[in-house]
Amino acid sequence: MLQRKGPYFAHLPADQAPTASRQLEASGYAVLEDLLAPAAVQALAVELTALYQERPRDNRAGAARPAAEDEDFRYEAFNYSPLAQAAIGNETLLDVLTPLLGPDCHVIANTCWRNPAGASHGHGGGFWHIDSGPHVPRPPEVPWDDRIPYPVFAVGVHLLLKDCDLASGPTGVLPGSHRSGQAPPPDRLSDPALTFDGKEVVPLLGRAGDALLFVSDVWHRRMPCLEGDAGRFFLQAHYGRRDIAQRLRTTAQVNHVAPAARDRAVTQRQRQLIGLHEPLFYDG
């Protein structure tokens, strides 16, 4: 846990933080039930449904993602939805995130997801991955010293706009895996029975209005859909420390680069160096 003292971070005793903050730090996930009232959920769902009708898909992944799959997403939601902007600023949610990310944390990505029931493409992160990092990479044989609280740099939040049960392919997490310093094993990315340190996957189930939270480094994936899949509809927001750049739009759209400098950058590394990156997690 951390707090600001002047311009710097300082340690915050864990007993001064909410229970959900402590669970995120220790296990990598938490669930906040009934974060949004039913009327707020309904109004937000209506506004975001209209967003799908009013704005075309971004096609950020290009040929790497089929059009039907790309249709599931609408990026930078709070730029176009006042209710989304209000939802991501929910005070109860920020009270949980602030002891982990700091009082000046910000939203680095805000994407609406609408996975249709029984969709053939089955998109939704259906393989084990981490959203960024590992932020503290290290050899697998080097355990984390439990005397040091594990640092959290980014947290993903799913604000459910409809119920998500086991049949609908919920996000599954492997508790404690964010502390591993490792990405998921590449030979088991599609294995829903993957475990970490003897712990099995925990499916993040919830009702409309609940918020599902997970640390960016935790191993997670969309679990396979089962008979009775009703699809998923949620507003996703990623919160990061102030030092982490926003990814609401790609760097091709938003950057600090003058046209002449862009012209001089002819290799991929030269483009990266001046801040022009290919979309990946968060912005792609």
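The following refers to the structure shown. (Residues numbered from 1 in each chain as written. Predicted model: local features only at pLDDT ≥ 70, side-chain atom pairs only at ≥ 80, totals over all residues. Heavy atoms only, no water.)

**Notes on the packing of helix α1 (residues 19-27) against helix α5 (residues 91-101)**
This is how the line gets drawn: In this analysis, axes come from line fits to C-alpha atoms, helices being fitted only over the stretch in contact, and the angle between any two N-to-C directions falls in the range 0 to 180 degrees. Secondary structure is summarised from DSSP: a helix means a run of H or I of at least four residues, a strand means a run of E of at least two, and numbering begins at the N terminus for each. Just so you know how the angles are binned, under 35 degrees is roughly parallel, over 145 roughly antiparallel, 65 to 115 roughly perpendicular, and the rest oblique. Note: crossing handedness is left-handed where the near helix turns anticlockwise from the far helix by less than a right angle, and right-handed where it turns clockwise. In what follows, a contact means two residues having at least one pair of non-hydrogen atoms within 4.5 Å. Note on residue classes: Ala, Val, Leu, Ile, Met, Phe, Trp, Tyr, Cys and Pro are nonpolar, Asp, Glu, Lys and Arg are charged, and everything else, Gly too, is polar.
Contact pair α1 / α5: the axes reach a minimum separation of 8 Å and the direction vectors enclose 45°. Relative to α5, the element α1 is oriented oblique. At the point where α1 passes α5, the crossing takes the right-handed sense. Taking contact as the criterion, the partners of Ala20, Ser21, Leu24 and Glu25 in α1 are, on α5, Asp95, Val96, Pro99 and Leu100. Tallied by class, the residues present in the contact of α1 with α5 amount to five nonpolar, one polar and two charged.

**Focus on the sheet that holds strand β7 (residues 171-173)**
By definition, the strands of a sheet pair up through backbone hydrogen bonds, in either a parallel or an antiparallel sense. What counts is decided by this rule: Two strands form a pair only when DSSP identifies at least two bridges running between them.
If you trace the three strands from one edge of the open sheet to the other, you get β8-β7-β10, paired in antiparallel fashion. Of all strands in the sheet, those with a lone pairing partner are β8 (202-203) and β10 (220-222), marking the two edges. Relative to β10, β7 runs antiparallel, the two being bridged by three bridges. Looking at the pairing, Gly172 lines up with Arg221 of β10.

**A closer look at the nonpolar core**
The nonpolar side chains of soluble globular proteins are, as a tendency, buried together. What counts, and what does not: Take the buried Ala, Val, Leu, Ile, Met, Phe, Trp, Tyr and Cys residues and link them wherever side-chain atoms come within 4.5 Å; each set so joined is a nonpolar core. The rule is simple: take the accessible area with a 1.4 Å probe, protein chains only, and divide by the maximum for that residue type; under 20% is buried, over 50% is exposed, in between is partly exposed.
With 41 residues, the main nonpolar core has Leu48, Leu213, Leu235 and Tyr239 as its most contacted residues. If one sorts the elements of this core by residue count, helix α2 (residues 38-54) sits on top with six residues. Setting aside anything within four residues of it in sequence, one finds Leu213 in contact with Leu24, Gly28, Tyr29, Ala30, Leu32, Leu93, Val96, Leu97, Val155, Gly156, Val157 and Leu204. One finds Tyr29, Leu204, Phe214 and Phe234 within the second-largest nonpolar core, a separate group that totals 12 residues.

**A few points about the packing of aromatic side chains**
Put simply, the test is: Working definition: a ring pair exists when centres of Phe, Tyr or Trp rings (six-membered ring for Trp) sit within 6.5 Å. Plane angles under 30 degrees give stacked, over 60 give edge-to-face, the rest tilted.
By the definition in use, this model includes five aromatic pairs. Here the aromatic rings of Trp113 and Phe234 are separated by 5.4 Å at their centres, their planes lie at 20°, and the arrangement is stacked. In this pair, Trp113 sits in strand β5 (residues 106-115) while Phe234 sits in strand β11 (residues 232-240), placing the two residues 121 residues apart along the sequence. Grouping residues by exposure puts Trp113 and Phe234 together as buried. Between Phe196 and Trp219 the ring centres are 5.1 Å apart and the planes differ by 70°, which places this aromatic pair in the edge-to-face class. Of the two residues, Phe196 sits in the loop between β7 and β8 while Trp219 sits in the loop between β9 (211-215) and β10, which places them 23 residues apart along the sequence.

As far as function goes, none of this settles anything; it's purely spatial.
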